[in-house]
Amino acid sequence: MTAPLRLGTRGSALAMAQSGQVAEALTAATGRPVELVEVVTAGDRSNAPVHRLGVGVFVSALRDALTARTIDFAVHSYKDLPTAVPGELVVAAVPARQDPRDALIAREGRTLAELPPGATVGTGALRRIAQLHALGLQLEVTPIRGNVDTRLARVLGPEADLDAVVLARAGLARLGRADVVTETLDPMLMLPAPAQGALAVECRVDDQDLVELLALLDHAPSRAAIIAERAFLATLEAGCSAPVAAYAELAEGDAGDEIYLRGAVISPDGTRDLRLSRTGTPADAAEIGKALAAELLELGADSILGHEGHTGPGTQQFGSTE
């Protein structure tokens, strides 16, 4: 019998769920058995706020296992990946993206507009914190850490101490917990993180047979959207403490498919909120992202990023999907 392919994954419930879904899809497409191999990352061992953990804390241990050949491929939440990809590795597949929007889970089934002034809202992402402040709803926004169940318990559990939390809808959907969502937030209010809801299936570039095998899972529209968003992020050279958001959608235009990319840079207190959009063809996805970032930099985004600690290219990270 063919030996199972070894899929490296973090051990959280969400990471195991999304890796399991990739494993099942690969086996269904190829007949190859896949076994999950848990890899503990630096981010899993720390309780510090995500934006203070440094670059690649949810990724580096998995990449080390790949280069050491103790696993054959890895599945990451794409938004956890630094924009610089090691030359010996390749993202062989971007499966069809889950809903990239953020989701509100609030007491008594409330929507964001129904939360009273002073309501406490928890989230782990500075991007969300900044945009919640920018809405001017007078909410008390609290940074939180923990897996999905831990965060939900802050609102829904017997010892709940928050009025609401904001999480990525994709993670809830992959765990079968989308029923707890009280409002899926319109990107006009809460623009997602670059690559939110997408997975990156990564392997060694010299394992050509596996590269070709994993390519069967690739979803071209999702990959094009991610390329645009990640090019936007890389061009901004934003440090992990800078709230940057981007969302690319593919739609049918007059001359074929078009990408519509929206991007934003927001100060943590929400007082400065720069947003622009740009369109183009999927073949020009990277150039669209670069051009949109350049426009925002011309409008002064660099002063927001510089204030937050400009750290240079290849250092972007936005924390776990959880």
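The structure presented is a predicted model; accordingly, all values stated were derived computationally and were not measured.

Peer 1: Which parts of the structure should I look at to understand the overall build of the protein?
Peer 2: If you tally the helices and strands in the protein, you get eight helices and 13 strands. The 322 residues of the protein split such that 51% are buried. Looking at the protein as shown, the accessible area adds up to about 13,200 Å², and 50% of this sits on carbon and sulfur atoms.

Peer 1: Can you help me understand the nonpolar core in this one?
Peer 2: The tendency in soluble globular proteins is for nonpolar side chains to be buried side by side. F232, L236, V244, I259, L261 and V265 are the most contacted members of the largest nonpolar core, which has 21 residues in total. Put simply, the parts of the chain that give this core at least two residues each are helix 7 (220-236), strand 11 (244-253), strand 12 (256-266) and helix 8 (285-309). The dominant element in this core, judged by the number of residues it contributes, is helix 8, at eight residues. With residues near it in sequence (within four places) discarded, V265 still touches L236, P243, V244, R272, D273, L274, L296, A301, I304 and L305. Listed in part, the 17 residues of the second largest apolar core include L5, A23, V201 and V211.

Peer 1: Sorry if this is basic, but what is going on with the sheet that holds strand 4 (residues 89-93) here?
Peer 2: Within a sheet, adjacent strands bond to each other through the backbone by hydrogen bonds, running parallel or antiparallel. In space, the five strands of this open sheet follow the order 2-1-3-10-4, with mixed pairing throughout. Both outer strands of the open sheet, strand 2 (34-38) and strand 4, are each paired with one neighbouring strand and no more. This sheet shows a mean twist of 35° between the axes of neighbouring strands, independent of strand direction. As paired elements, strand 1 (residues 5-9) and strand 3 (residues 73-77) share two bridges and run parallel to each other. Note that in strand 3 the partner of L7 across the bridge is F73.

Peer 1: So what exactly am I meant to see when it comes to unusual backbone geometry here?
Peer 2: Note: most residues except glycine have negative phi, and most peptide bonds are trans. Residue R69 is not a glycine yet carries a positive backbone phi of 65°. When you line up the elements, R69 lands in the loop between helix 2 (60-67) and strand 3. Here R69 falls in the partly exposed class, since its relative accessible area comes to 43%. The phi dihedral of A195 falls on the positive side, at around 75°, and the residue is not glycine.

Peer 1: When you look at a negative patch on the surface in this model, what are you seeing that I'm missing?
Peer 2: On the surface, E252, D254, D257 and E258 cluster together into a negatively charged patch. Within the element layout of this structure, D257 appears in strand 12.

Reading guide: rules and limits
- Residues numbered from 1 in each chain as written.
- Predicted model: local features only at pLDDT ≥ 70, side-chain atom pairs only at ≥ 80, totals over all residues.
- Heavy atoms only, no water.
- Helix = DSSP H or I, 4+ residues; strand = E, 2+ residues; numbered from the N terminus.
- Buried < 20%, exposed > 50% of the residue type's maximum accessible area, 1.4 Å probe, protein only.
- Areas by Shrake-Rupley, 256 points an atom, 1.4 Å probe, with all protein chains shown as cover.
- Core = buried A, V, L, I, M, F, W, Y, C linked by side-chain atoms within 4.5 Å.
- Contact = heavy atoms within 4.5 Å.
- Pairing = 2+ DSSP bridges.
- Axes fitted to C-alpha atoms, helices over the stretch in contact; angles between N-to-C directions.
- Patch = residues over 30% accessible without salt bridge, like charges linked within 9 Å, V, L, I, M, F, W, Y side chains within 5 Å.
- Salt bridge = Lys/Arg side-chain N within 4 Å of Asp/Glu carboxyl O.
- Lys, Arg positive; Asp, Glu negative; His and termini not counted.
- Charge placed at Lys NZ, Arg CZ, Asp CG, Glu CD.

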